[in-house]
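Summary of the model geometry
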Amino acid sequence: MLRLFFLLLLPIFFSFSKEVILTTTYPLYYPVKFMAEGRYRVEVLLEKEADPHHYELKPSDIKRLKGSKALFYLGVEGWETKLVKANPSKAYPLAKGLNLIKSGKFYDPHVWMSPKAYEGLVENAYRALMELDPAGKGEYTVKKDEFLQKLRQLDKRYGEVLKTCKSKTVVITHQSLSYLARDYGLNVVGIRGVHAEEEPKPSEIKKLLQTLQKLPVKSLFYELGQDKSLAESIAKQANATVVLLNTSLMPQEPGDDYFSIMERNLRALATGLGCKY
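In short, a report on the structure.

Across all of its chains, the model carries one disulfide by this definition. Sulfur-sulfur distance for the disulfide between Cys165 and Cys275 comes to 1.9 Å. Since a negative S-S torsion denotes a left-handed disulfide, the Cys165-Cys275 link at about 90° is right-handed. Residue Cys165 is found in the loop between α6 (137-162) and β7 (169-174), and its partner Cys275 is found in the segment after α10 (258-273); the two are separated by 110 residues along the sequence.

Written out as structure tokens, the structure reads:
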């Protein structure tokens, strides 16, 4: 009986004995976990709903970083710099070489909202793993190819669905869909800029109301983790419906990954824009 107990504990022991790769957010976590699982334990820093644009580091974050083998971060957010300074020799930026869109003074980090643009980030994660652990090349290459195959299928699906939309304009409470719009022929009107906490001006709300009233399908998108009341207030004035998008890719259901969340986002876009889904 005792021997059976220890045998049951062995998988747990080996799981926790693996070195840790720490990723800053879920959009980075999903491909890194997919490729590195089995060789490393992959964890995410921002596990709960929080504004990643102005995240305040805690002492426990620095402790987790120092205890990890490496940090994978995007490289466009100010708070990430503090993490890198804590241990720069183990930090791998994944935005390097990507065709980023600039919004005002900031680069838009939401590459993952376009499956087409996300491919570059996945490739960067693969190269970072190869640099960190050259011995794992065979495993990483097989997993990377598998992930990219699924990603290209999703990209094709997004293209097929979004070309059928009655409305080509996405009205959203936070400017987080620039890459989606660029890659799939949409227009985006946002109340707030790249940083979701920016307070909207009355003139911006007025412009957004005018845009909504002209659309063939009147929908206002809001994001998981953001205040729904502002969206509801504006939508009521325009006689529009509110539609939820998960732009942080925070898991909502057991077993969620990039593909399940982005499929739900596509369904939401189809509902809000009047597309054939």
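After that view, the rundown keeps rolling.
We now examine α10. In this model α10 runs 22 Å from its N-terminal to its C-terminal C-alpha over 16 residues, within 8% of the 22 Å that 1.5 Å per residue would give. Among the 16 residues in α10, 13 count as buried, and that is most of the element. Two or three places before Phe259, at the start of α10, stands the capping residue Asp257, its side-chain oxygen 3.1 Å from that residue's backbone nitrogen. Positive phi appears at Gly274, one or two residues downstream of α10, with a value of about 70°.

Let us now look at the pattern of salt bridges. All told, the structure shown has 14 salt bridges when counted by the stated rule. We note a salt bridge from Asp133 to Arg39, for which the minimum N-O separation is 2.7 Å. On the criterion of sequence distance, the pair formed by Asp133 in the loop between α5 (115-132) and α6 and Arg39 in the loop between α2 (26-36) and β2 (41-44) is long-range, its members being 94 residues apart. Residue class for Asp133 comes out buried when judged on its relative accessible area of 9%. Taking relative accessible area as the criterion, Arg39 reaches 27% and is therefore assigned partly exposed. Across the pair Asp145 and Lys144 runs a salt bridge, and its minimum N-O distance is 3.4 Å. Residues joined by salt bridges that share partners form a network here, namely Arg39, Asp133 and Glu139.

A few words now on the packing of α5 against α6. Viewed as axis vectors pointing N to C, α5 and α6 meet at an angle of 175°, and their least axial separation amounts to 10 Å. Judged by the inter-axis angle, α5 sits roughly antiparallel to α6. The segment α5 lies against α6, with Pro115, Lys116, Tyr118, Glu119, Val122, Glu123, Tyr126, Leu129 and Met130 engaging Lys137, Tyr140, Thr141, Lys144, Phe147, Leu148, Leu151, Arg152, Leu154, Asp155 and Tyr158.

On to the packing of α2 against α6, then. At a minimum axis distance of 8 Å, the contact between α2 and α6 shows a crossing angle of 135°. Our classification of the angle between α2 and α6 gives oblique. At the point where α2 passes α6, the crossing takes the right-handed sense. Mapping the contact onto sequence places Tyr30, Pro31, Phe34, Met35 and Ala36 in α2 and Tyr140, Lys143, Lys144, Glu146 and Phe147 in α6.

Okay, the packing of aromatic side chains next. If you walk through the whole model with that rule in mind, you get ten aromatic pairs. When the ring of Phe72 is compared with that of Tyr92, the centres are 5.4 Å apart and the planes differ by 55°; the resulting orientation is tilted. Of this pair, Phe72 sits in strand β3 (residues 70-73) while Tyr92 sits in strand β4 (residues 91-93), and the two are 20 residues apart along the sequence. Measuring from ring centre to ring centre gives 5.8 Å for Tyr158 and Tyr184, while their planes differ by 50°; the resulting arrangement is tilted. Of this pair, Tyr158 sits in helix α6 while Tyr184 sits in helix α7 (residues 178-184), placing them 26 residues apart in sequence. For the pair Tyr158 and Tyr184, one class covers both residues: buried. One aromatic cluster is present, built from ring pairs that chain together Phe34, Tyr118, Phe147, Tyr258 and Phe259. Above the face of the Tyr277 ring, Arg157 is positioned so that its terminal group lies 4.8 Å from the ring centre.

Rules of the game
- Residues numbered from 1 in each chain as written.
- Predicted model: local features only at pLDDT ≥ 70, side-chain atom pairs only at ≥ 80, totals over all residues.
- Heavy atoms only, no water.
- Disulfide = S-S within 2.5 Å.
- Helix = DSSP H or I, 4+ residues; strand = E, 2+ residues; numbered from the N terminus.
- Expected span 1.5 Å × (residues − 1).
- Buried < 20%, exposed > 50% of the residue type's maximum accessible area, 1.4 Å probe, protein only.
- Polar contact = N/O pair within 3.5 Å; in protein donor to acceptor, adjacent residues only side chain to side chain.
- Salt bridge = Lys/Arg side-chain N within 4 Å of Asp/Glu carboxyl O.
- Axes fitted to C-alpha atoms, helices over the stretch in contact; angles between N-to-C directions.
- Parallel < 35°, antiparallel > 145°, perpendicular 65-115°, else oblique.
- Contact = heavy atoms within 4.5 Å.
- Left-handed = near helix turned anticlockwise from the far one by under 90°.
- Phe/Tyr/Trp six-rings, centres within 6.5 Å; stacked < 30°, edge-to-face > 60°.
- Lys NZ or Arg CZ within 6 Å of the ring centre and 35° of its normal.

Just geometry here; none of it tells us what the structure is for.
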